[in-house]
Amino acid sequence: MRLSWVFFFGILLSYQLIYTQAPRKNTSSDIYHSIQKLNFLGSALYIAAHPDDENTRLISYLSNEVKAKTAYLSLTRGDGGQNLIGSELRELLGVLRTQELLAARRIDGGEQFFSRANDFGYSKHPNETLKIWNKEAVLSDVIWIIRNYRPDIIINRFDHRSPGTTHGHHTSSAMLSYEAFDLANNPNIYPEQLKSTAVWQPKRLFFNTSWWFYGSEDKFQEADKSKMIDLDVGVYYPLRGVSNNEIASLASSQHLCQGFGRLSTRGSENEYIELLKGDLPKNKSDIFDGINTTWSRVEGGEAVGKILYEIEKNFDFTHPSKHLPQLIEGYKAILKLKDEHWKAIKKKELEDIILAVSGLYLEATATASNTYPGSNIPINIEALNRSDANINLIAVSISEDNRVAKTIPLRENNKEVFQINLKVPSNMSYTSPYWLNNKGTTGMYKVTDQNLIGKPETPNAFEVSFELEFNGYSINIVKPIVYRYSKPEKGEIYQPFEILPEATASFKDKVIIFADSKPKEIPVTIKALKDNVKGELQLCYGKGWKVDQEIKPFEIAKRGDQHVLHFLLTPPSGEDENYISPIIKVDGKEISRELIEISYDHIPKQSVLLPSETKVVRLNINKNGENIGYINGAGDEIPESLKQIGYNVVNIAPSTIQEGSLAKFDAIVVGIRAYNVVDELKFKQRYLLDYVKEGGNLIIQYNTAGRNGLDMENLAPYPLSISRDRVTDETSDVKILAKSHVLVNYPNKITENDFAGWVQERGLYFPDEWSKEFTPILSMNDEGEPALKGSLLVAPYGKGNYIYTGLSFFRELPAGVTGAYRLFANILSVKQETQK
């Protein structure tokens, strides 16, 4: 019973560390595990395309069982995916998924890297992917990361030999890895990188295969496995009280926005890796067999190993601090190594172990979560020695010219607390995801600093160096400045300390639709990020648009408070698309950023600064009906978009749906993936179909189809089969099949021109089979593929109409695509016209 409690406590503690971003609190078992990893000089790099593509079982196995330095390179940040837990999409979703990957790595023990590739959405072929991404740029990033990380082993998640059979991003990741394996060692390839790094030749390249890639388990059993290695990744770690696959389950469950929360698993579990390049290990149970992973790998390493292997062999779990003198000697020996790569890695690992065995707690916390360039802010310093070791704090410093000498003996369990002042330079950059600082392209983020490429997140704004003496020997330990606070319902919380502007401005809506020439009141919210902010705000607008007063003053007394200014904006008489943006003028500075905060329990709070602007669209649109019921699915912004053109939109909770409760609505729209994520909805479907039968207009947006299809018998009143068909090219030609149908004629005349300017894709998960009662309205296809007719289907049922659409309205309406608005207005109006 005691062991069970220890196990569950360990898992909960691991999760809490992620939840709060608190300093890691190591047990003796954790320290011993770190010493084992310290004595292994080998590394592995796992490569795939997206967050959640990684095999956490294999990453955890390599890190925790093999003890290898292990990392995952995700070529993208998953910006083009969906979000099951919130409204963040595109670049904001990329920020969220970046942090979910970092949370996963903190559990499975890996590191995390990214290229500059932007997840632009589903791609059917690597040719398309690599054209949009800019193959040379992404290849250079992969090579840059290989040259810096210097992996002995590279493992691809996907097969480079099967283009066109899966997501183009997946195959592209494998193709780029396969090519980079040899090119990373060629000094003539991207020679400009060699100013900051060196060439490197990995020893082996593998493909993480499985029966899935062969189509069935039977086919996999028959496959040639002469070049495959079979690893049992279900090993149990007695010292940690947990199985490897339990760690992996918890790690992959951090991908909550993609619905990856899952049960943990235990027991023997096999992973197969197929050799693609390099030599096959003689010992097929050890992928590092034949690669020197001992201290003798580096010149002068034997002296280090002689000290550190002895500590590992005779580790004292009861009194780990007794090893401190030996660890200090090992530290001295590491500093003498000529191999700068391994010296830097092992120096940092050993510093962490020295802190852990001595129970030394060092922390630098700001008195506020953020400040601004040119400001001063107190920093709380805490130093606590929880062992009988002879340790002195000599000084703390934030920079070379900001050093505070102390010379304080750190007596056992006697906490030392004091403050130092941080003067933030007036030219200090703001804290924000570095890859969003410059405008990129559809396929690539723009990063001008080569040294930032590959990093998972923006480096800490400020760090504090603690100058310490251990029995007279000096060691500098660096800690980031963080912000620490508590909430009664959550306890202690840590979050990054950030540099932000004095104030930011934002619009409520990212797209504002003017359905006629009447002016609209535009609210602009100013948020103060310091006390006593006083200035003026200028609203910038395009030709043909008019505003009542271009510049308005404001004054905000308290930090964190907000003030709303209202501008009356008049559109031009004809159709037009433009942008409006605010400029805050404070203390001689001009600020044109908005602050977006991403806050979830499983990741640290993220502050994102983006250009503050809103798209304004003057649209000639007709509509019928007023009251629209909306059943939310996986999260989209269509209700807000419909309100923009004058509809009264009411969110319908599935629990309230019953006989006769829906008759008041002119149309009911079911949100994306609703039947996938709202279990209760399938039990309410009969009421929705009754609503149609009695004269209602029901619009079902796309749902995903699994291997066995959508698990619903009555999704539609007639036979309808959902497939994985999609059209990914947003510029592909669209043909109107049913030209006389009311849906493309009333109340707006729909033409092929209404499909111009669409974003990311045409649509996805189209039905591929339907009964004769349905009328296909449109036809479209990606280049070289047959036409698909299932994007928009209409069927009369009783007195009403049932409509199923896989068109990506959830992307198009929030982007202000005028043709999409007109078409959706027609879809909502079908009921009214057919009843005339």
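Residues numbered from 1 in each chain as written. Predicted model: local features only at pLDDT ≥ 70, side-chain atom pairs only at ≥ 80, totals over all residues. Heavy atoms only, no water.

Colleague: Any chance you could break down the overall build of the protein for me, citing the residues and the numbers?
Modeller: Broken down by element type, the protein carries 17 helices and 42 strands. Relative to the globule expectation of 28 Å for 836 residues, the C-alpha radius of gyration of the protein, 30 Å, shows essentially globular dimensions. With the C-alpha coordinates of the protein rotated into their principal frame, the extents come out at 90 × 75 × 60 Å. Looking at the protein as a whole, 56% of its 836 residues are labelled buried. (Helix = DSSP H or I, 4+ residues; strand = E, 2+ residues; numbered from the N terminus. Rg over C-alpha atoms; globule rule 2.2 N^0.38 Å. Buried < 20%, exposed > 50% of the residue type's maximum accessible area, 1.4 Å probe, protein only.)

Colleague: Let's hear about empty space enclosed by the protein: which residues, and what values?
Modeller: For the coordinates displayed, the defined rule picks out two cavities of 30 Å³ or more. Approximately 50 Å³ is the volume found for the largest cavity. As for the largest cavity, its lining consists of Arg77, Phe114, Ser115, Arg116, Ala117, Tyr434, Trp435, Tyr445, Val447, Ile453 and Gly454. Class assignment of the residues belonging to the lining of the largest cavity gives a composition of seven nonpolar, two polar and two charged. (1 Å grid on protein atoms, 1.4 Å probe; cavity = no way out; pocket = protein on both sides within 12 Å on 5 of 7 lines; lining within 4 Å. Points joined across faces, edges and corners; volume = space filled by probe spheres on them. Nonpolar A, V, L, I, M, F, W, Y, C, P; charged D, E, K, R; others polar.)

Colleague: Before we move on, could you go through the confidence of the model for the protein and cite the residues and values that matter?
Modeller: Regions with low pLDDT carry predicted coordinates that are not meant to be interpreted in detail. Of all residues in the protein, 96% have pLDDT values of 70 or greater, and the mean over the chain is 93. Taken as a whole, residues 1-20 scores under 50 in pLDDT and shows 24 contacts with residues more than four places along the chain or in a different chain. (pLDDT = per-residue confidence, 0-100. Contact = heavy atoms within 4.5 Å.)

Colleague: Please provide a residue-by-residue account of the nonpolar core, values included.
Modeller: Leu743, Tyr802 and Phe809 are the most contacted members of the largest nonpolar core, which has 80 residues in total. Considering each element in turn, this core owes the most residues, eight residues, to helix α17 (residues 818-834). Other than its neighbours up to four places away in sequence, Tyr802 contacts Leu689, Val692, Leu698, Ile700, Leu715, Ala716, Pro717, Leu720, Phe774, Leu793, Val794 and Ala795. In terms of nonpolar packing, the next biggest core, distinct from the first, is built from 56 residues, Leu41, Val304, Ala383 and Ala461 among them. (Core = buried A, V, L, I, M, F, W, Y, C linked by side-chain atoms within 4.5 Å.)

Colleague: Help me get a handle on the pairing of strand β18 (residues 491-496), residues and values and all.
Modeller: Two strands pair when backbone bridges link them, and strand β17 (residues 473-487) and β18 are joined in this way by six bridges, in the antiparallel orientation. By the bridge assignment, Arg484 is partnered in β18 with Tyr494. Where β17 hands over to β18, the hairpin turn is made up of three residues, counted between the paired strands. (Pairing = 2+ DSSP bridges.)

Colleague: If you had to explain the pattern of salt bridges to someone new, which residues and values would you point to?
Modeller: Throughout the structure, instances matching the rule amount to 43 salt bridges. Linking Lys338 and Glu299 is a salt bridge whose minimum nitrogen-to-oxygen distance equals 3.3 Å. You can see Lys338 sitting in the loop between α11 (324-334) and α12 (340-357) and its partner Glu299 sitting in the loop between β9 (270-278) and α10 (301-313), a full 39 residues away along the chain. Asp601 is paired through a salt bridge with Lys490; the nearest N and O atoms lie 3.0 Å apart. Highlighted residues: Asp601 in the loop between β29 (593-598) and β30 (606-611) and Lys490 in the loop between β17 and β18, separated in sequence by 111 residues. Overall, the relative accessible area of 40% leaves Asp601 in the partly exposed class. The exposure class of Lys490 is partly exposed, given its relative accessible area of 32%. Counted as one network, the salt bridges with shared partners bring together Glu54, Arg105 and Asp108. (Salt bridge = Lys/Arg side-chain N within 4 Å of Asp/Glu carboxyl O.)

Colleague: Help me get a handle on α10, residues and values and all.
Modeller: Over its 13 residues, α10 extends 18 Å from the first C-alpha to the last, a length consistent with the 18 Å expected when each residue adds 1.5 Å. Buried residues of α10: Gly301, Val304, Gly305, Leu308 and Ile311, and no others. In the core, the buried residues of α10 are packed alongside α2 (28-38) and α11. (Expected span 1.5 Å × (residues − 1).)

Colleague: Could you give an account of helix α5 (residues 126-133), with specific residues and numbers?
Modeller: Along α5, the residues classified as buried are Pro126, Thr129, Leu130 and Trp133. Seen along its axis, α5 keeps its buried residues to an arc of 90°; they face one direction. Opposite the buried face of α5, at more than 90 degrees from it, the exposed residues are Asn127 and Lys131. Where α5 is buried, its residues contact α6 (135-149) and α7 (168-183). Just beyond α5, the residue with positive phi is Asn134, at close to 75°. (Arc of directions from axis to C-beta.)

Colleague: Report on the sheet that holds strand β4 (residues 153-156), specifying residues and quantitative values.
Modeller: Spatially, seven strands are ordered β3-β2-β1-β4-β5-β9-β6 in an open sheet, and the strand pairing comes out mixed. The strands lining the two open edges of the sheet, one partner per strand, are β3 (111-114) and β6 (228-232). When strand polarity is set aside, the average angle formed by the axes of neighbouring strands in this sheet is 30°. One ladder, built from five bridges, connects β6 with β9; its direction is antiparallel. Of the residues in β9, the one forming a bridge with Met228 is Glu274. Sitting on the sheet, helix α4 (residues 90-108) touches β2 (69-74) and β3, and the angle it makes with β3 is about 155°. In the packing of α7 onto the sheet, contacts are made with β1 (43-48), β4, β5 (204-209) and β9, and the angle to β4 comes to roughly 160°. (Axes fitted to C-alpha atoms, helices over the stretch in contact; angles between N-to-C directions.)

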